[in-house]
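Secondary and tertiary structure notes
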Amino acid sequence: MLLSVEDLSVHIGVINPLSDLSFGVDRGQILGLVGESGSGKSLTAMAVMGLLPLIGGRISAGRILFDGTDLAKLPEAALRGYRGRRIALVTQNPMTALDPVVRVGRQVDVMGRMHLGLSADEARRRTIELLTRLRIPEAQAVCEAYPHQLSGGMKQRIVIAIALAGEPDLIVADEPTTALDVTVQAQIIHLLGELVRDRGLGMLLITHDMGVVAQVCDQVAVLYAGRLAESRPAEALFEHPLHPYTSALIGCIPRDGMAPGSLHGIAGAVPSVARYPAGCRFHPRCPRAGEICARQTPELTELTGAGRLACHFPLEGTHG
Ligand SMILES: Nc1ncnc2c1ncn2[C@@H]1O[C@H](COP(=O)(O)OP(=O)(O)OP(=O)(O)O)[C@@H](O)[C@H]1O
Ligand SMILES: [Mg+2]
């Protein structure tokens, strides 16, 4: 396993927005981390990148094993050897990721020079190769452009090029296409999928869009209010979701005894950190909730096939 997150908990001051999170990312694979707004997806990305101190947060329990090393235990100075070089972050908003006053070619070049020790000429040659690989037409000319001269889709390709230029092993992509229109979104998602498989990278793809996940992910981890609800191979999860929340996210009609369509669009919202309910945090919104759900947190259980599930009343009764 390239990245293995084990029982991760995050605190920001006294609040505990993420608990007991576990998932793994293999080389050549994409793990989709999904959940509604506020579920803890970006905090997970920040934890993996070692960036929690920037927002006054910290890893309070668990391990982040990257290629065998526990990043959670490394001091900042050591983390700098990983960030950008071995683990690269692609964020949602290209306008904040790009420097508006530097030509985009140089912004890509600098990664190869800094992380791989390339000469200026060699770095530029690689930049042009990379932009061409990302299907940017006239890559040479685009290198001379400033970010504001490029379309949103082009800018996001440049952000991806910057991430790839240091030849990382793992890409953490936090809503990489959310700011783009749907057709461009699909192109970029497919491109990312191709790169991951061709280069044997691992990718943690964070999104609230189950459609995107269905298109490219091998594994899916579903977060709800800072806890893992369900984590399984994508195909199985889409075919037979076990957690009612997963099922609601997919928008499928649950089986036994429920009014058809009653889960389409989940009423209510993810509770804020200060108001997490007792028991299963999803129970106030869950159509299958029983009395125990309000009292007892469902344990995260390893499934006999593959994956994990935390639910007292899963959809198919194949629990454990
Ligand atoms: N700097 C911070 N200080 C305090 N609480 C925070 C901070 N950043 C995030 N949180 C809280 O942690 C929880 C998870 O936030 P996170 O940003 O990880 O959500 P998310 O799943 O990425 O949501 P979105 O889909 O909106 O990006 C939220 O309840 C949020 O209010
Ligand atoms: Mg986020």
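Here, the structure is the one placed above.
Here's a quick rundown of the structure.

Criteria and cut-off values
- Residues numbered from 1 in each chain as written.
- Chains lettered and ligands numbered in written order.
- Predicted model: local features only at pLDDT ≥ 70, side-chain atom pairs only at ≥ 80, totals over all residues.
- Heavy atoms only, no water.
- Helix = DSSP H or I, 4+ residues; strand = E, 2+ residues; numbered from the N terminus.
- Buried < 20%, exposed > 50% of the residue type's maximum accessible area, 1.4 Å probe, protein only.
- Pairing = 2+ DSSP bridges.
- Right-handed = clockwise from strand over helix to strand, strands pointing away.
- Near = heavy atom within 4 Å.
- Polar contact = N/O pair within 3.5 Å; in protein donor to acceptor, adjacent residues only side chain to side chain.
- Nonpolar A, V, L, I, M, F, W, Y, C, P; charged D, E, K, R; others polar.
- Contact = heavy atoms within 4.5 Å.
- Axes fitted to C-alpha atoms, helices over the stretch in contact; angles between N-to-C directions.

Let's shift gears to unusual backbone geometry. Positive phi, normally seen in glycine, also occurs at aspartate 7, with a value near 50 degrees. Note that aspartate 7 resides in strand β1 (residues 3–12). Residue aspartate 7 is classed as partly exposed on the basis of its relative accessible area, which comes to 47%. Positioned with a positive phi, aspartate 20 is a non-glycine residue whose angle comes to about 50 degrees. Structurally, aspartate 20 can be placed in strand β2 (residues 15–25).

With that settled, the discussion passes to the pairing of strand β7 (residues 170–174). With 5 of its 5 residues buried, β7 lies for the most part within the structure. The alternating pattern of β7 places Leu170, Val172 and Asp174 on one face and Ile171 and Ala173 on the opposite face, and all of these are buried. In this structure, strand β6 (residues 87–90) lies alongside β7, joined through 4 bridges in parallel fashion. In the sheet register, leucine 89 faces β7, and the bridge partner there is valine 172. Pairing analysis gives 5 bridges linking β7 to strand β8 (residues 202–206), with the strands arranged parallel. Within β8, the position partnered with aspartate 174 by the bridge is isoleucine 206. In this fold, β7 hands off to helix α8 (residues 182–199), which returns the chain to β8; that crossover is right-handed.

Neighbouring residues of ligand 1: 13 residues in total, closest Ser37, Gly38, Lys41, Ser42 and Leu43. In the model, an oxygen atom of ligand 1 is placed 2.4 Å from a nitrogen or oxygen of the serine 37 side chain. Between ligand 1 and glycine 40 there is a distance of 3.0 Å, counted from an oxygen atom to a backbone nitrogen or oxygen. Elements with a minimum of two residues in the shell around ligand 1: β2 and α1 (41–49). A per-element tally of the shell around ligand 1 places α1 first, with 3 residues. For the shell around ligand 1, a count of residues per class yields 6 nonpolar, 5 polar and 2 charged.

With respect to topology, 4 strands assemble into an open sheet ordered β2-β1-β4-β5, the strand pairing being antiparallel. Either end of the sheet is taken by a strand with one partner, and the two such strands are β2 and β5 (69–70). Pairing of β1 with β2 involves 6 bridges; the strand directions are antiparallel. Within β2, the position partnered with valine 10 by the bridge is leucine 18.

Bringing the environment of serine 19 into the picture now. Tracing the backbone shows serine 19 in strand β2. Look at serine 19 and you get buried, because its relative accessible area is 4%. Note: C-alpha distance between serine 19 and arginine 227 (208 residues apart in sequence) is 5.6 Å.

Next up on the list: the sheet that holds strand β10 (residues 227–233). If you walk across this open sheet you meet the 8 strands as β6-β7-β8-β3-β9-β10-β12-β11, and the pairing is mixed. Either end of the sheet is taken by a strand with one partner, and the two such strands are β6 and β11 (301–302). In the sheet, strand β3 (residues 30–34) pairs with strand β9 (residues 219–224) via 4 bridges, with the strands oriented parallel. Bridge assignment links leucine 33 to a residue of β9, and that residue is alanine 221. Sitting on the sheet, α1 is in contact with β3, β6, β7, β8 and β9, with an inclination near 150 degrees to β7.

Without other data, these values stay purely geometric and don't point to any function.
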